[in-house]
Amino acid sequence: MDLQQIKQRFGIIGNAFGLNRAIDVAVQVAPTDLSVLITGESGTGKEVFPQIIHQNSARKHGPYVAVNCGAIPEGTIDSELFGHEKGAFTGALSDRKGYFEEANKGTIFLDEIGELPLATQVRLLRVLETGEFMKVGSSKVLKTDVRVVAATNVDMEKAIKESKFREDLYYRLNSVPIKIPPLRDRSEDIYLLFRKFSSDFANRYRMPAIKLDEDAKKLLMGYRWPGNIRQLKNITEQISVIEQKREIDAEVMSRYLPYHTGGNLPALIDQKSMPGGADFNTEREILYKVLFDMKRDMNDLKKLVHGLLEDGPVVAQSEHANIVQKLYQNDDGSFISDNNVPTVPTFNNVSNDQHTGIEDTEEFVEESLSLADKEIELIKKALDKYNGKRKHAARELGISERTLYRKIKEYQIEG
């Protein structure tokens, strides 16, 4: 089937590029058994695409099971998906097949997949990888041959970072991604959908279809539609039932559009979420803040340098002095006038020629660790202390006078 036939068969209204692209991808992936993850805001019609995939696949004669994961309580979702044995928990009066067992040889659609508990995500990952699962309360491994199509309106990457969704399961489900565009990105389709819903409700309630004047039409197409197609359908039904006049103007239309702002204006960033709680509404204010911070840091640096220079005379090479001087000078060479910055101190820029012969480093002589050198040094000190009297020197050194003679002869100590 071509694109238009698919739209007619599944009741899809619109010609936006994003919508056509999503349908085209669904048709192309249908003959395969790849897992598909459908993403989009709530109310965009994600539930239609698993049916397109199923009806255009080799499994179209098999069962199609749709499960809303967000509507099942956490305590019973494992039992709903994989079944349970009799007596597995209180109230389990008999064996029960789960959705994966019921959908064998067919397709299972897991809506709101982002609401699955982490423990259930582990079980689902095993089914996707091996086709095996176990019922609650059973140790018997069962097999199933099922095609999984999932959908969510949750930001999955954010959920993964917050450890609310398993990353390995996300990549396993996201073999083929399909993105459904929101209604505000399909402005050319809004009026078409309104006419379709108006006609449907006119037939249902047996009354003339409502029509819009040009101003009401512009108002309708300029609204952001946070609830997407579902919201548009509900508002169309309200107008069809409540309004006596069948010609709707902008004033009447505005009463049915909550929080109407007059157009698709960009939303302000939540100020509380800004770093440090700063209340920035424009990029210009952020830029000003950065510049003011830089100026404050520069003033702090000037005060620091001034304090170091006031501690005593400073000798600096000319190129280093010039760098510090520039902190206090304008581009034309004049000094900055700033009440917060003290007058520039005078630099003692002494040339290297005037300090020829002055060493600013101390020569380091490595100490000898030789025992012989130490002995010679101690003997000389003892002899000097007692003016060459060897008897007293030997006593001072704690050795015999004979040993001292031998050491003097051995080391050839004079005096």
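The structure this text deals with has already been given above.
On a predicted model such as this, the values are computed, not experimentally measured, just so you know.

> So what's going on with helix H9 (residues 187-205)? Which residues, and what values?
Here H9 spans 28 Å end to end across 19 residues, near enough to the 27 Å set by a 1.5 Å rise per residue. Trailing H9 by a residue or two, Arg206 shows a phi angle of about 55°, which is positive.

> Run through the sheet that holds strand S2 (residues 64-68), naming residues and quoting values.
In space, the five strands of this open sheet follow the order S2-S3-S6-S1-S7, with parallel pairing throughout. Looking at which strands have only one partner, the edges of the open sheet turn out to be S2 and strand S7 (176-179). Averaged over all neighbouring strand pairs, the angle between strand axes comes to 15°, with direction disregarded. Sheet analysis places strand S1 (residues 36-39) next to strand S6 (residues 147-152), joined by four bridges and oriented parallel. Across the sheet, the residue bridging to Val36 is Val149, located in S6. Its contacts with the sheet place helix H2 (residues 17-29) against S1, S6 and S7, and it is angled at close to 155° to S7.

> Explain the nonpolar core to me, and be specific about the residues and the numbers.
Formed by 29 residues in total, the largest nonpolar core has its most connected members in Phe100, Ile108, Leu110, Ile113 and Phe165. When contributions to this core are tallied by element, the ones reaching two or more residues are S2, helix H4 (77-82), strand S3 (107-111), helix H6 (118-130), S6, helix H7 (156-161) and helix H8 (167-173). Tallying contributions element by element places H6 first for this core, with four residues. By size, the runner-up hydrophobic cluster in this structure holds 23 residues, among which are Ile6, Ala16, Ile38 and Ile53.

> So, the pattern of salt bridges: which residues are in play, and what are the values?
Scanning the entire structure with this criterion turns up 20 salt bridges. The salt bridge involving Asp145 is made with Arg59; its shortest N-O contact spans 2.8 Å. Separated by 86 residues along the polypeptide, Asp145 in the loop between strand S5 (141-143) and S6 and Arg59 in the loop between helix H3 (48-55) and S2 bring together distant segments of the chain. The exposure class assigned to Asp145 is partly exposed, which follows from its relative accessible area of 31%. Between Arg204 and Glu237 there is a salt bridge, and its shortest N-O distance comes to 3.8 Å. Remark: Glu237 occurs in helix H11 (residues 228-242) and Arg204 occurs in helix H9; sequence separation between them is 33 residues. Overall, the relative accessible area of 23% leaves Glu237 in the partly exposed class. Overlapping salt bridges bring together Asp33, Arg59, Lys105 and Asp145 as one network.

> Residue-level account of the layout of surface pockets, with values.
Size it by volume and the largest pocket reaches roughly 520 Å³. What lines the largest pocket is a set of 23 residues, among which Gly11, Val48, Leu193, Phe197 and Ile229 lie closest to the centre. Elements with a contribution of two residues or more to the lining of the largest pocket: helix H1 (3-10), H3, H9 and H11. The leading source of residues in the lining of the largest pocket is H9, at six residues. Residue composition of the lining of the largest pocket, grouped by class: ten nonpolar, five polar and eight charged.

> Tell me what's going on with the packing of H1 against H3, and back it up with residues and numbers.
The geometry of H1 relative to H3 is characterised by a closest axis approach of 11 Å and an angle of 120° between their N-to-C directions. In the packing of H1 onto H3, the handedness of the crossing is right-handed. Each of Ile6, Arg9 and Phe10 in H1 lies in contact with H3, whose residues at this interface are Val48, Gln51, Ile52 and Gln55.

Definitions and limits used
- Residues numbered from 1 in each chain as written.
- Predicted model: local features only at pLDDT ≥ 70, side-chain atom pairs only at ≥ 80, totals over all residues.
- Heavy atoms only, no water.
- Helix = DSSP H or I, 4+ residues; strand = E, 2+ residues; numbered from the N terminus.
- Expected span 1.5 Å × (residues − 1).
- Pairing = 2+ DSSP bridges.
- Axes fitted to C-alpha atoms, helices over the stretch in contact; angles between N-to-C directions.
- Contact = heavy atoms within 4.5 Å.
- Core = buried A, V, L, I, M, F, W, Y, C linked by side-chain atoms within 4.5 Å.
- Buried < 20%, exposed > 50% of the residue type's maximum accessible area, 1.4 Å probe, protein only.
- Salt bridge = Lys/Arg side-chain N within 4 Å of Asp/Glu carboxyl O.
- 1 Å grid on protein atoms, 1.4 Å probe; cavity = no way out; pocket = protein on both sides within 12 Å on 5 of 7 lines; lining within 4 Å.
- Points joined across faces, edges and corners; volume = space filled by probe spheres on them.
- Nonpolar A, V, L, I, M, F, W, Y, C, P; charged D, E, K, R; others polar.
- Left-handed = near helix turned anticlockwise from the far one by under 90°.

By themselves, these are just geometric observations and shouldn't be taken as functional.
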